[in-house]
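Descriptive analysis of the structure
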2 protein chains.
Amino acid sequence: MIFPLSRAVETRSGDPLQMQKNLRKPTLSEVAALAGVSEITVSRALRGSSMVTADTIRKVQVAAESLGYLRNRLAGALAGGPSNQVGVILPSLSNIVFPDVLKGLEDRLEHAGFHPVLGISNYDPEKEEHLIRNLLSWRPAGLVIAATSMTATSRGLLAASGLPVVEIMDIDTPPIDMAVGMSHRAAGLDMARHLIGRGYRHLAYVGHDIGRDNRAMARLQGFRSGLQEAGLALEGQVVLTEPSSVALGRRGLAQLLQANPKQVDLVYFSNDDMAVGGVFHCMAEGISIPGQLAIAGFNGLDLGQSLPRRLTTTASHRSRIGEMAARVILERLNGQETVHLTDVGFTLIAGETA
Amino acid sequence: MIFPLSRAVETRSGDPLQMQKNLRKPTLSEVAALAGVSEITVSRALRGSSMVTADTIRKVQVAAESLGYLRNRLAGALAGGPSNQVGVILPSLSNIVFPDVLKGLEDRLEHAGFHPVLGISNYDPEKEEHLIRNLLSWRPAGLVIAATSMTATSRGLLAASGLPVVEIMDIDTPPIDMAVGMSHRAAGLDMARHLIGRGYRHLAYVGHDIGRDNRAMARLQGFRSGLQEAGLALEGQVVLTEPSSVALGRRGLAQLLQANPKQVDLVYFSNDDMAVGGVFHCMAEGISIPGQLAIAGFNGLDLGQSLPRRLTTTASHRSRIGEMAARVILERLNGQETVHLTDVGFTLIAGETA
DNA sequence: CCACCGATTGACAGCGCTGTCATTCAGTGA
DNA sequence: TCACTGAATGACAGCGCTGTCAATCGGTGG
């Protein structure tokens, strides 16, 4: 364990000078007075309304500039103007998956002048409900949620909000409003079929906290169905109740091989981080991949594709999910017809580890 | 390249029913009428004011519940109540570093009932300025920014805002208001000294887009100073103008070794992702680590510590930075005395790759 | 019995902006 | 010449809430 040191280098007291500045922010009416027009004209000019003369716009801009005027969106949104905030609830930020989604989402939102307001649920339905309530109380323009298993109240809140609501990541359950994602069940099934087609017959699974991550659970179910189709069953399984990580995957494989020596010829991991951990374990123990043991993951991370042998995995289109989520929200806000269910699909990567 | 497929499974038009619901959200006064008290009493009861009878609170809660009342923070904040939003500007989400920071930040903010409002600058000062203006216009309670090189206007906006502003990640330049981070220069210097102490004399560097990531730049400068102290200089250098990734590190090392065959005995990478790429390159090419070539990185990611041989690197305390940033903001908001500069330090990890 | 007190509750104004109507005014065709 | 038109601007009210001060009221000590 590594402990950080925190050191206070310099201190000061609660600066009254800055507080003062805070008190007197110029308002629309001050800009209006300076520009010699009415408040509403300033409002329109600054928002780029088409019914203000170029001349007036210039005057207003000069006045606003010279006063250091900064629009107050709080007042604007309250007065009936549009909000440009979008609530975003994610279960975690501990691996790159949700940041990827968030990146795609932020990118598209930003282009349209919107901002994500973030909440992390930690896979906790109670906290999720709490976050929904909180974010909704800011009257956002929409909500994006990578839900864990939502409470009835959560669903009710979202349905009653009347806002565009996008449930992201998986499309295996019918959405309240809209959904963007992929079928994790299908991804697991697809991988099972692929591996069986490659000749593997003694398959095992190493997973992370599956009780909370129901998408990993869905993949496992799909994988099992695939085995069943071929008259097979999992010959070993290690599920550790911790968040996924490379270290956990390494530990998990060690544990699996200790319990099931020899007979296993392939291990399906709950995701790429875990799988890379498995690869590292093999490297450290001199187990040849895929000769002695084959390995497959899920996500298609850069990491796995940069291994000495490219990881066999399923690419999920994460930033695409974020982008599409932003897109359907923006479409809805524009009054356009929107898609209820968007399947961004997945792509099997036949790498060199299985 | 892998292309996603997007498929519209179901469509519908811009639901007028939901719009309706949206129109009639119950307000304070409706709750007040139902509970038989005044608006302000409802307001106080719902906010947990101490000067409302337990009895009244119960009445109000029942009324609010039965109407499905949802507080409007927009109105509250406009009327002078506190905002619980904190603007957060980060340069990127493409590796785990900033998500780690964000995680620590969100966690602490959430405990205090605050939400981060996010903006990604993409290391672009113009966009950063734009984001500052936008986020400020929502009158947040504070702002956290992992700045790239800020424009004068950006600095002016922040200074004039009168808000608690925390510049995070590095403390190498004096902050506008508060800073939380570490000295990247010192980290580079520290690593150079460590490696020289271990006997390495022919050192090279492989880095990513250093023109934009000025923290990586600071580490390199520190590293160079360390070499200079010992009468040494970099014997090779590859800097690729792309965002860092495992794949890029792998490519970068290949390029370096092609240009400088043999003589180099250690490569310092701009971060762990890059360094792991370097390790993978060596594995693939049969170069022994650290015998033929030693490798060092920066960040102390789980990934590097799970390699067959633990990566030699410097652990940055990322989630700690987020936590401390939240902390100083909350302290300031509580009117407490705050620390101007918080150094969370770093920890050299003497791994097995150098 | 009365001025006084602390604990509750309420009336009121206004936060800063925008939607919804007027209003103004130069130009237009009959 | 005159009603009429469209473009530009403005007056007004109010979004939903909270800070500030005032009012109420049962209890208290002198």
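Here, residues in each chain are numbered from 1, in the same order as that chain's written sequence. Note on labels: chains are lettered from A, ligands numbered from 1, in written order. In view of the model being predicted, local features appear only for residues whose pLDDT reaches at least 70, and side-chain atom pairs are presented and counted only at 80 or more, with totals across whole chains, interfaces and linings using the full set of residues. To obtain the side-chain values, all non-hydrogen atoms of the structure were used and water was disregarded.

What follows is about the environment of Ala45(A). All names here are of chain A. To qualify as a helix, a DSSP run of H or I must reach at least 4 residues; to qualify as a strand, a run of E must reach at least 2; elements of each kind are numbered from the N terminus. Along the chain, Ala45 falls in helix α3 (residues 39–46). Only protein chains enter the area calculation, which uses a 1.4 Å probe; residues under 20% of their type maximum are buried, those over 50% are exposed, and those in between are partly exposed. With relative accessibility at 5%, the residue Ala45 sits in the buried group. A C-alpha to C-alpha distance of 16 Å links Ala45 and Gly68, two positions 23 residues apart in sequence. Once residues within four sequence positions are removed from consideration, Ala45 is found in contact with Val52, Ile57 and Val60. Two residues form a contact once any of their heavy atoms are found within 4.5 Å.

Quick look at the packing of aromatic side chains now. Only rings of Phe, Tyr and Trp enter the pairing, Trp through its six-membered ring, and a pair is recorded when the two centres are within 6.5 Å. The plane angle decides the type: under 30 degrees is stacked, over 60 is edge-to-face, the rest tilted. The full count for this structure, using the stated rule, is five aromatic pairs over all chains. For the cation-ring pair, Arg219(A) lies above Phe298(A), with the distance from its terminal atom to the ring centre recorded as 4.0 Å. Two limits define a charge over a ring: the Lys NZ or Arg CZ must be within 6 Å of the ring centre, and within 35 degrees of the ring normal.

The interface of chain B with chain A comprises 87 residues on the first partner and 87 residues on the second. In total, chain B and chain A occlude about 8,400 Å² of area from one another, counting both sides; carbon and sulfur atoms represent 58% of this. Salt bridges are counted wherever a side-chain nitrogen of Lys or Arg sits within 4 Å of a carboxyl oxygen of Asp or Glu. Connecting chain B to chain A are zero salt bridges. Think of a polar contact as two N or O atoms within 3.5 Å of one another; within protein, one of them needs to be a possible hydrogen donor and the other a possible acceptor, and neighboring residues in sequence only count if both atoms come from side chains. Counting across the chain B and chain A interface gives 25 residue pairs in polar contact (both at pLDDT 80 or more). Note that Gly is not counted as nonpolar here; it falls among the polar residues with everything else outside the nonpolar set of Ala, Val, Leu, Ile, Met, Phe, Trp, Tyr, Cys and Pro and the charged set of Asp, Glu, Lys and Arg. Partitioned by chemical class, the residues of the side of chain B that touches chain A number 41 nonpolar, 26 polar and 20 charged. Put simply, buried area is how much 1.4 Å-probe accessible surface two parts lose in total, over both of them, once they are put together.

Attention shifts here to the relation of the copies chain B and chain A. Copies overlap after least-squares fitting; the atoms used are the C-alpha atoms of residues with pLDDT of at least 70 in both. Take chain B, turn it by 180°, move it 0.0 Å along the axis, and it overlays chain A with an RMSD of 0.0 Å. Here the two chains are linked by the operation of a two-fold rotation axis. Using C-alpha coordinates, one finds that chain B approaches the rotation axis most closely at Val117(B), a distance of 2.2 Å.

Attention shifts here to the protein's contact with DNA strand D. Proximity criterion: a residue is near a molecule or strand once any of its heavy atoms comes within 4 Å of it. As a matter of local geometry, DNA strand D sits amid 25 residues, with Thr41(A), Thr56(A), Leu28(B), Ser43(B) and Tyr69(B) nearest to it. Within 4 Å of the protein, the contacting atoms of DNA strand D are drawn from sugar and phosphate to the extent of 66%. One of the side-chain N or O atoms of Tyr69(B) is found 2.2 Å from a phosphate oxygen in DNA strand D. Here a base nitrogen of DNA strand D sits 3.3 Å away from a polar atom, N or O, in the main chain of Ala75(B). Every element with two or more residues in the surface near DNA strand D is listed here: α3 of chain A together with α3 (39–46) and α5 (73–78) of chain B. The leading source of residues in the surface near DNA strand D is α3(B), at four residues. By residue class, the composition of the surface near DNA strand D is 11 nonpolar, nine polar and five charged.

What follows concerns the sheet that holds strand β8 (residues 236–239) of chain B. Note: strands within a sheet are paired through backbone hydrogen bonds, in either parallel or antiparallel orientation. Residue and element names in this part refer to chain B. A pair of strands counts as paired when DSSP detects no fewer than two bridges linking them. With parallel pairing, four strands are arranged side by side in an open sheet as β8-β7-β9-β10. At either margin of the open sheet sits one strand with a lone partner, and together these are β8 and β10 (294–296). Strand-to-strand twist of the sheet, defined as the mean angle between neighbouring strand axes without regard to direction, takes the value 15°. Taken together, the three bridges between strand β9 (residues 266–269) and β10 define a ladder with parallel strand orientation. Residue pairing for β10: Val267 is matched across the bridge by Ile295. Here the axes come from fitting lines to C-alpha atoms, over the contacting stretch only for helices, and the angles between their N-to-C directions go from 0 to 180 degrees. Relative to strand β7 (residues 203–207), helix α10 (residues 214–229) is tilted by about 175°, and along the sheet it contacts β7, β8 and β9.

All names here are of chain A. Counted under the stated rule, the structure contains 25 salt bridges over all chains. A salt bridge links Arg133 to Glu129; its shortest N-O distance comes to 3.2 Å. Of this pair, Arg133 and Glu129 both sit in helix α7 (residues 125–136), four residues apart, which is roughly one turn of the helix. Given the relative accessible area of 15%, Glu129 is considered buried.

A few words now on helix α14 (residues 318–333) of chain A. All names here are of chain A. Under the convention used throughout, the expected extent of a helix is 1.5 Å for every residue step, that is, one less than its residue count. Look at α14: 23 Å from first C-alpha to last across 16 residues, which is about the 22 Å you get at 1.5 Å a residue. Judged by how many residues are buried, α14 sits mostly within the fold: 12 of 16 residues are covered. Inspection of α14 places Arg318, Ile321, Gly322, Glu323, Met324, Ala325, Ala326, Val328, Ile329, Leu330, Glu331 and Arg332 among the buried residues, and these make up the whole buried set. The positive-phi residue at the C-terminal boundary of α14 is Gly335, with phi of around 75°.

In the vicinity of DNA strand C lie 25 residues, with Leu28(A), Ser43(A), Tyr69(A), Thr41(B) and Thr56(B) positioned nearest. Those atoms of DNA strand C that come within 4 Å of the protein belong to sugar or phosphate at a rate of 67%. Between DNA strand C and Arg47(A) there is a distance of 3.3 Å, counted from a phosphate oxygen to a side-chain nitrogen or oxygen. Within the backbone of Ser38(B), a nitrogen or oxygen atom sits 3.0 Å from a phosphate oxygen of DNA strand C. Put simply, the parts of the chain that give the surface near DNA strand C at least two residues each are α3 and α5 (73–78) of chain A together with α3 of chain B. Per-element accounting of the surface near DNA strand C gives the leading share, four residues, to α3(A).

Another aspect to go through is the nonpolar core. Grouped together as the largest cluster of nonpolar side chains are 60 residues, with contacts concentrated most on Leu90(A), Ile168(A), Leu90(B) and Ile168(B). Once residues within four sequence positions are removed from consideration, Ile168(B) is found in contact with Leu90(B), Val101(B), Val144(B), Ile145(B), Ala146(B), Val180(B), Arg215(B), Ile321(B) and Ala325(B). Within the second largest apolar cluster, 52 residues are counted, among which are Val276(A), Leu256(B), Ala275(B) and Phe280(B). By nonpolar core we mean a set of buried residues, namely Ala, Val, Leu, Ile, Met, Phe, Trp, Tyr and Cys, connected to one another through side-chain atoms within 4.5 Å.

Right, let's talk about helix α10 (residues 214–229) of chain A for a bit. All names here are of chain A. Counted at 1.5 Å a residue, the expected span for α10 with its 16 residues is 22 Å, and the 23 Å between its end C-alpha atoms agrees. Taken as a whole, α10 has its buried residues at Arg215, Ala216, Ala218, Arg219, Leu220, Gly222, Phe223, Gly226 and Leu227. Packing partners of the buried residues in α10 comprise α6 (97–111), β5 (165–170), α9 (184–197), β7 (203–207), β8 (236–239) and β9 (266–269).

For the rest of this paragraph, the subject is the environment of Ile171(A). Considering the arrangement of structural elements, one finds Ile171(A) in the loop between β5 and β6 (178–182). Residues Ile171(A) and Leu311(A), 140 residues apart in the sequence, show an inter-C-alpha distance of 26 Å.

Glancing now at the side chain of Arg73(B). Within the secondary structure layout, Arg73(B) lies in helix α5. The buried charged residue Arg73(B) lacks any salt bridge, with Glu110(B) as its nearest oppositely charged partner at 11 Å. Once residues within four sequence positions are removed from consideration, Arg73(B) is found in contact with Ser137(A), Trp138(A), Pro82(B) and Asn84(B). The charged-residue count follows a simple rule in which Lys and Arg add positive charge and Asp and Glu add negative charge, with His and chain termini not counted at all.

A separate point is the layout of surface pockets. Computed from the structure, the second largest pocket encloses a volume of approximately 1,100 Å³. In terms of lining residues, the second largest pocket is bounded by 41 residues, among which Ala77(A), Leu78(A), Arg139(A), Asn72(B) and Leu74(B) are the most central. If you list the elements that add at least two residues to the lining of the second largest pocket, you get α5 and α14 of chain A together with α1 (16–23), α3 and α5 of chain B. With five residues, α5(B) is the single largest residue contributor to the lining of the second largest pocket. Across the lining of the second largest pocket, the residue classes break down as 21 nonpolar, 13 polar and seven charged. Here a cavity is any set of points on a 1 Å grid over the protein atoms alone where a 1.4 Å probe fits but cannot get out, and a pocket is any open set with protein on both sides within 12 Å along at least 5 of 7 lines; a residue lines the site when it has an atom within 4 Å of a point. Grid points are joined across faces, edges and corners, and a volume is the space filled by probe spheres set on the points.

Residue and element names in this part refer to chain B. In contact at an axis separation of 8 Å, helix α2 (residues 28–35) and α3 are set at 100° when each is read in the N-to-C sense. Classified by the angle between their axes, α2 and α3 sit roughly perpendicular to one another. Of α3, the residues touching α2 (which contributes Leu28, Ser29, Val31 and Ala32) are Glu39, Val42 and Ser43. Here the contact of α2 with α3 is composed, by residue class, of four nonpolar, two polar and one charged. Put simply, angles under 35 degrees are roughly parallel, angles over 145 are roughly antiparallel, angles from 65 to 115 are roughly perpendicular, and the rest are oblique.

All names here are of chain B. Within strand β2 (residues 85–90), six of the six residues are buried, which leaves the element mostly enclosed by the surrounding structure. Alternating residues of β2 divide into Gln85, Gly87 and Ile89 and Val86, Val88 and Leu90, and every residue in both groups is buried. Alignment of β2 against strand β3 (residues 115–120), held across six bridges, turns out to be parallel. Looking at the pairing, Val86 lines up with Pro116 of β3. Here the term right-handed applies to a crossover when the path leading from its first strand over the helix to its second strand runs clockwise, the strands being oriented away from the viewer. Regarding topology, helix α6 (residues 97–111) serves as the crossover connection from β2 to the parallel β3, and that connection is right-handed. Where β2 meets strand β4 (residues 142–145), four bridges bridge the pair, whose relative direction is parallel. The residue bridging Val88 from the neighbouring strand is Val144, located in β4.

The analysis is restricted to geometry; functional conclusions fall outside its scope.
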